[in-house]
Structures are given as C-alpha cells and as structure tokens.
Amino acid sequence: MRTFASNPLNTPDVILFFGTRTGKPREALLQGLKCPFCGQSGQMTGRVTPHYVHIFWLPVFRLKLFREVTCSHCKKGYAGPELSPDMVAALDEIQ
Ligand SMILES: [Zn+2]
C-alpha cells in the first residue's frame, strides 16, 4: 500500500515567492549627444532600469541594468549593441 504524504520533507508549508522585478528607472537628458539616425543633438534621453531578484517582493540582489537611449526628435531607441561608446559613457553617468 502506498501512502501519499502531503508534506514528505516536513518543510514548513510556505510557498516561496521569488522572481525578478524591475526597479525605478533613472532618466536623464544626455547633453551633447548626437542621434546617429537623425543627426539632432541634445534630444537624446538615457534611461537605466535596474532588474532585481526578489523574494517576497523584497529586492535581494541586482541582476542587471537595462540601458536604453531614446531620441525625442525621431523617436528612435537604442539598446544593447546599438549603443555607441558615447552613449555608454553618458549612461554610466546616470546609473
Ligand atoms: Zn534622432
């Protein structure tokens, strides 16, 4: 005869809530940066959004920063490998 214990490891009946969530983004106008697409300068906004691992919605450690730059003139967005060294340097200032 087989029995099925509901809690065979005798652990507390707690469901661990964890996952990832995004933190508050930081934004700043990146002065002096020129948009590679439309050529306008002073229109680039950088945004850095932290991603956290959370347990019970409390941030435990920071996983990564999502970094993006958007041109308010032509609305083109840049992220990841599209970021130029100038954009990366400007993003380093706001994070
Ligand atoms: Zn542009």
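Residues numbered from 1 in each chain as written. Predicted model: local features only at pLDDT ≥ 70, side-chain atom pairs only at ≥ 80, totals over all residues.

A. Representation of the overall build of the protein. Within the protein, the secondary structure is distributed over 1 helix and 5 strands. Each helix and strand of the protein, ordered N terminal to C terminal, gives the series β-β-β-β-β-α. Burial status across the protein gives 13% buried among its 95 residues. A separation of at least 24 residues holds for 56% of the contacts in the protein among residues at least 6 apart in sequence. (Helix = DSSP H or I, 4+ residues; strand = E, 2+ residues; numbered from the N terminus. Buried ≥ 20, exposed ≤ 12 C-beta atoms within 10 Å, placed from the backbone. Contact = placed C-beta atoms within 7 Å.)

B. Region of interest: unusual backbone geometry. Phi angles above zero are rare outside glycine, and Phe 56 is one such case at about 50°. Relative to the helices and strands, Phe 56 resides in the loop between strand S3 (44–55) and strand S4 (58–71). You can call Phe 56 exposed: it has 10 C-beta atoms within 10 Å. Its identity is not glycine, yet Lys 75 carries a phi of approximately 70°, on the positive side. Among the structural elements, Lys 75 can be located in the loop between S4 and strand S5 (77–79). Its 10 C-beta neighbours within 10 Å are what place Lys 75 among the exposed residues.

C. Geometry of the environment of Val 88. Structurally, Val 88 is set in helix H1 (residues 85–94). Residue class for Val 88 comes out exposed when judged on the 12 C-beta atoms lying within 10 Å of it. Spatially, the C-alpha atom of Val 88 lies 9.2 Å from that of Glu 68, the residues being 20 residues apart in sequence.

D. Spotlight on the nonpolar core. Within the largest apolar cluster, 10 residues are counted, these being Leu 30, Leu 33, Cys 35, Met 44, Val 48, Val 69, Cys 71, Met 87, Ala 90 and Leu 91. Breaking this core down by element, the ones donating at least two residues are S3, S4 and H1. Filtering out sequence-adjacent residues up to four positions away, Leu 33 remains in contact with Ser 41, Met 44, Asp 86, Met 87 and Ala 90. (Core = buried A, V, L, I, M, F, W, Y, C linked by C-beta atoms within 7 Å.)

E. Focus on the environment of Trp 57. Along the chain, the position of Trp 57 falls in the loop between S3 and S4. With 36 residues separating them in the primary sequence, Trp 57 and Arg 21 have C-alpha atoms 8.1 Å apart.

F. Here's a closer look at the confidence of the model for the protein. Confidence in the prediction for the protein averages 87 pLDDT; 85% of positions are at 70 or higher. Averaged pLDDT values over the elements of the protein bottom out at 87 in strand S1 (residues 18–22) and peak at 97 in S5. (pLDDT = per-residue confidence, 0-100.)

G. Representation of the pairing of S1 in the model. With 0 of its 5 residues buried, S1 lies for the most part at the surface. Pairing analysis gives 5 bridges linking S1 to S3, with the strands arranged antiparallel. In the sheet register, Phe 18 faces S3, and the bridge partner there is Ile 55. (Pairing = 2+ DSSP bridges.)

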